[in-house]
2 protein chains.
Amino acid sequence: MNGAQALMKTLVDSGVTACFTNPGTSEMHFVAALDSAPEMRAVLGLFEGVATGAADGYARIAGKPAATLLHLGPGLGNGLANLHNARKGKVPVVNIVGDHATHHRQYDTQLQSDIDAIASNVSTWIRTSQSTSELAKDVAEAVAAASGPPGQVATLVLPADVSWSEGGVPSPPVTPTPRSTVSADVIDQVAKALRSGEPAAILLGCSTLLEPGLVAAAKVAESCGARLYAETFPTRLTRGAGVPAIDRIAYLPDMAKLQLEGLRHLILVDAKAPVSFFAYPGQDSYLVPEGCQVHELAGVSDDSVGALVALAEAVGAQADPTLAALAPPPRPTGELTAMSVCQAIGAVLPEGAIISDESQTCSLFLPGNTSTSPRHDLLALTGGAIGQGLPVAVGAAVAAPDRPVLALEADGSAMYTIQSLWTMAREELDITVVLFNNRSYSILNLELNRVGATEVGPKAKAQLDLSNPDLDFVALAEGMGVPASRAVDAEDFTAKLAAAIAAPGPHLIEVVVPPIF
Amino acid sequence: MNGAQALMKTLVDSGVTACFTNPGTSEMHFVAALDSAPEMRAVLGLFEGVATGAADGYARIAGKPAATLLHLGPGLGNGLANLHNARKGKVPVVNIVGDHATHHRQYDTQLQSDIDAIASNVSTWIRTSQSTSELAKDVAEAVAAASGPPGQVATLVLPADVSWSEGGVPSPPVTPTPRSTVSADVIDQVAKALRSGEPAAILLGCSTLLEPGLVAAAKVAESCGARLYAETFPTRLTRGAGVPAIDRIAYLPDMAKLQLEGLRHLILVDAKAPVSFFAYPGQDSYLVPEGCQVHELAGVSDDSVGALVALAEAVGAQADPTLAALAPPPRPTGELTAMSVCQAIGAVLPEGAIISDESQTCSLFLPGNTSTSPRHDLLALTGGAIGQGLPVAVGAAVAAPDRPVLALEADGSAMYTIQSLWTMAREELDITVVLFNNRSYSILNLELNRVGATEVGPKAKAQLDLSNPDLDFVALAEGMGVPASRAVDAEDFTAKLAAAIAAPGPHLIEVVVPPIF
């Protein structure tokens, strides 16, 4: 058994049964070993950002990491933006980066570079496997490190000779560290703040946004009259009918300040105190109002859901929380706008859907239009590195072949990892891509004003303009084997969307909408 | 004057008049400042790898750096693979990476990461500008550092507040360090080796592959009976009628060993001793034969062309060297194959063309078919990170609007930076893309065997297969505004190629060819 085969068996034994690949020569033995593990699904991407983003989307839905397979430093570089997003979302990823054989490195050949330096941008667990006999143990530890808490990108650098040499020994799985239990003292202090009668809010992050965390937190909030918020860009948020509704902290600092206005207590649960996404001249970045005390109920490695359950008990919350009703909006009519498209999505969204949302400014109208749609999961852009939405949809669909996946994409963002469409077609994934084409980096038109860059000439304007030439996403999708169409009005879009969701395999529907900004 | 305006004036005053951009919010003041410098051309890419590869291609042709504009760590990550290629090709690039405002960094918001760590993979000159008053000086020094010798990627990290604050002071240009003169002793020693009568070869690298270096080296080689080679992947190689012909060291180590067989002296001129691109089990990476003495005539920072001219004098070489004749191959007939397509390219190649070659296995037949075509420049894949060919063509066309540019692309490689086509259309660049579609990662089929991965099952094979679904590059090109067609046979391709070269603006011609491996 060579190193690669021992590695593959260990991955599978550790529960890693999907690998998102973009390999080169130094990974050929890993590739050859794929067939030695029948449980392992290998999904090829035409660009590394597809592979890393898919691993992220997979883990958000599967609740366990997938592996990537990348080709040396440049391959890791191409995959870095979506690994950054995974890192910020605390998503587990076992990142495997092939390297030259150990004896080849001394020559500093074309593809050689400092892999560890790049990996350090996204991984705190980085190891270069030094011997074939230890490789499987290394990968078992990588899986445990990735699994957290909190979830992280663990990067294993795999020299070609460590992979190809005989003497591989499969390793048993390594148990990840358990989450820490929050002390009774902390829970009592938070309960005291909440019962003080002073204005309070609970801010939920990453691990608390599935049903158990939401139910416990909503019980507390309703019992104490506290506001309840989710972080702005949740890794995975369960919402819709039958689940407690929750507003997210707004992206724009002015709006977030309104949400936080007058607070005397802010309770953080696996979340950070709100800060504006970008800095603006003359404005504060930190958004918590003066005089508001910040309490941390649970940190990133704590049992945050357990802490919320304990908190509900401590504050004496007994009543079941209010759950969102099932009352989707009516099907829209008339012109295609970001509003009418979001309304159509809310109108036809099926039970159990997964929404990967990277529609940027166009998604302003999504929460309102889907809050009483059937229950679904929302996967947001966790790290701000655009090009995440389509790959995340790929991974989510691989993780949950029985659930319909919607990828809501903006034109600008879509172009970073447009190659995802080919993987959707190859793997026959049940993904409906709604492509909001407003022919601009609309959000930058907004930001240009907000940062005070007021004198704007034609060259500056051109940097935000995606017309000239117009992108034709129907042609792009068809060029990669995905059936596609362009909606002409809201009725047409609604019908096309319902049909695409009902049909197997991927579909893309382009909607040309006016920019909001 | 704010920092961004002072920076822009300094760039232009330092000779940097092209900027390849993919900006975000933190770069909005840089964007707004573009219009303050009429000499600055701003070219938007839809993905950072397009911007960085275009900066590389621009500098190879213009002989001076362009700037990039990238958005924080993730933007740099997306641009990293082509910066890696620029680094390996010793190509000057002024890499400008926007960052959060200095006071915003303490909050570790979504887009924050360790930019320096990523930059250290490609840059030895990295500086975060700390104050608006010093910013222009920093950028002048960045331009000087990038310009070399040797050329390099100099990375300036630009915090948003350093850019937006008032108090910018333009800086005069900083003169780059000159190349070092090679000592007479070194030249005498090399001359002695060449006149020893023992088998010798001269290996030319990076800075020596334009006409002056080639002419001096060919004089020496012919005078001394030495073999003359170019490195495998030249940054820029002038070739064709009227220029001394030169073979490149082969990519495959077996073939390279034949080229080097029996040598007693190998003279390196801004080149490294040949090493195989990848390691293979049981094979040596170092390809110089035993008993061959390696002499360095000029290193990366030396005046290598001056050294070659001095060497010609030292060995008493007086006769003009043999120049390639003008004798292009006849137009091909029959089926489309990598061979017939390369022959067609040789047959219709116009005087002064620039070829950006990333056609991988399909380009095996290119050197032979173009060696007696009209004089042209060849730009190769310098760092092995695929996805370079289309962006380099963009940059070359921006640098030389009066020269026809051919981008020879393989299907697999094309998909890494396919967004380049949109920039070609927007900027109306005179680029003809020949898209070799063999529906596989053909080179990996070869490498899979070479590395000894002999037991190959269906999952492994699928990782190298680009069919299912077939990529339709005509649809992809048209989706990004580039006129495109698919050739049906060699005659049709030749006619389409000649027409595309003659017409203004970009064109793509897809050729479906059988894989060679």
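Scoring rules and cut-offs
- Residues numbered from 1 in each chain as written.
- Chains lettered and ligands numbered in written order.
- Predicted model: local features only at pLDDT ≥ 70, side-chain atom pairs only at ≥ 80, totals over all residues.
- Heavy atoms only, no water.
- Helix = DSSP H or I, 4+ residues; strand = E, 2+ residues; numbered from the N terminus.
- Rg over C-alpha atoms; globule rule 2.2 N^0.38 Å.
- Buried < 20%, exposed > 50% of the residue type's maximum accessible area, 1.4 Å probe, protein only.
- Areas by Shrake-Rupley, 256 points an atom, 1.4 Å probe, with all protein chains shown as cover.
- Lys, Arg positive; Asp, Glu negative; His and termini not counted.
- Charge placed at Lys NZ, Arg CZ, Asp CG, Glu CD.
- Pairing = 2+ DSSP bridges.
- Axes fitted to C-alpha atoms, helices over the stretch in contact; angles between N-to-C directions.
- Contact = heavy atoms within 4.5 Å.
- Least-squares fit on C-alpha atoms with pLDDT ≥ 70 in both.
- Arc of directions from axis to C-beta.
- Core = buried A, V, L, I, M, F, W, Y, C linked by side-chain atoms within 4.5 Å.
- Phe/Tyr/Trp six-rings, centres within 6.5 Å; stacked < 30°, edge-to-face > 60°.
- Lys NZ or Arg CZ within 6 Å of the ring centre and 35° of its normal.

Asker: Outline the overall build of chain A, supporting the account with residue identities and numerical values.
Answerer: Each helix and strand in chain A was counted, giving 20 helices and 18 strands. In terms of overall size, chain A behaves like a compact globule, its C-alpha atoms giving a radius of gyration of 23 Å where 517 residues would be expected to give roughly 24 Å. Residue burial in chain A is summarised as follows: out of 517 residues, 66% are buried. Here chain A has roughly 16200 Å² of accessible surface; of this, 52% comes from carbon and sulfur atoms. The positive charge centre, built from 31 side chains, and the negative charge centre, built from 53, are 4 Å apart in chain A.

Asker: Please provide a residue-by-residue account of the pairing of strand E15 (residues 405–410) of chain B, values included.
Answerer: Residue and element names in this part refer to chain B. With respect to burial, E15 is a largely interior element, 6 of its 6 residues being buried. Residue alternation in E15 divides its side chains into two sets, Val405, Ala407 and Glu409 and Leu406, Leu408 and Ala410, and both sets are buried. Of the pairings in the sheet, the one linking strand E13 (residues 353–358) to E15 comprises 5 bridges and is parallel in character. Across the sheet, the residue bridging to aspartate 357 is leucine 408, located in E15. In this sheet, strand E16 (residues 431–437) lies alongside E15 in parallel orientation, the contact comprising 6 bridges.

Asker: So what about the sheet that holds strand E17 (residues 484–486) of chain B? Which residues, and what values?
Answerer: Residue and element names in this part refer to chain B. Spatially, 7 strands are ordered E9-E14-E13-E15-E16-E18-E17 in an open sheet, and the strand pairing comes out mixed. The open sheet terminates on both sides in strands that have one partner only, identified here as strand E9 (237–239) and E17. Direction aside, the axes of adjacent strands within the sheet are offset by 20° on average. Against the sheet, helix H14 (residues 389–399) touches E13, strand E14 (376–379), E15 and E16, its axis set at about 175° to E15.

Asker: Tell me about the relation of the copies chain A and chain B, and please be specific about residues and values.
Answerer: Applying a rotation about an axis and a shift along it to one chain copy brings it onto the other copy. Its rotation angle being 180°, the transformation that places chain A on chain B also includes 0.0 Å of axial translation and leaves an RMSD of 0.0 Å. Here the symmetry operator amounts to a two-fold rotation axis. Both copies contact each other with a shared surface, as 100% of the interface residues of chain A are interface residues in chain B too.

Asker: Provide a residue-level description of helix H10 (residues 253–260) of chain B, including the pertinent values.
Answerer: Residues and elements named next belong to chain B. All buried positions along H10 are accounted for by Pro253, Ala256, Gln259 and Leu260. All buried residues of H10 project into a common sector of 110° when viewed along the axis, lining one side. A positive backbone phi angle near 80° is found at glycine 262, which sits one or two residues after H10.

Asker: Could you give an account of the sheet that holds strand E4 (residues 93–99) of chain A, with specific residues and numbers?
Answerer: Residues and elements named next belong to chain A. In spatial order, the strands read E2-E1-E3-E4-E6-E5; together these 6 strands make up an open sheet with parallel pairing. Only two strands of the sheet have a single neighbouring strand rather than two, namely strand E2 (41–44) and strand E5 (125–128). Averaged over all pairs of adjacent strands, the angle between strand axes in this sheet comes to 20°, irrespective of strand direction.

Asker: Can you tell me about the nonpolar core, naming the residues and giving the values?
Answerer: Formed by 212 residues in total, the largest nonpolar core has its most connected members in Leu11(A), Phe20(A), Leu11(B) and Phe20(B). Those residues within four positions of Phe20(B) in sequence are excluded, and the remaining contacts are Val43(B), Ala51(B), Ala54(B), Ala55(B), Tyr58(B), Ala66(B), Ala67(B), Thr68(B), Leu69(B), Val394(B), Gly395(B) and Val398(B).

Asker: So what's going on with the packing of aromatic side chains? Which residues, and what values?
Answerer: Tallied over the entire structure, the rule returns 15 aromatic pairs over all chains. When the ring of Phe233(A) is compared with that of Tyr251(A), the centres are 6.3 Å apart and the planes differ by 75°; the resulting orientation is edge-to-face. Highlighted residues: Phe233(A) in the loop between strand E8 (227–230) and strand E9 (237–239) and Tyr251(A) in the loop between strand E10 (247–248) and helix H10 (253–260), separated in sequence by 18 residues. Each ring, one from Tyr286(A) and one from Tyr107(B), has its centre 5.9 Å from the other, and the planes form 20°; the classification is stacked. One end of the pair, Tyr286(A), is in the loop between strand E11 (265–269) and strand E12 (293–298); the other, Tyr107(B), is in the loop between strand E4 (93–99) and helix H5 (115–119), on a second chain. Given a relative accessible area of 33%, Tyr286(A) falls into the partly exposed group. Connected via pairs of aromatic rings, a cluster forms that spans Phe47(A), Tyr416(A), Phe47(B) and Tyr416(B). Directly above the ring of Tyr280(A) sits Arg450(A), whose terminal nitrogen or CZ lies 4.4 Å from the centroid.

Purely spatial values, then, with no claim about function.
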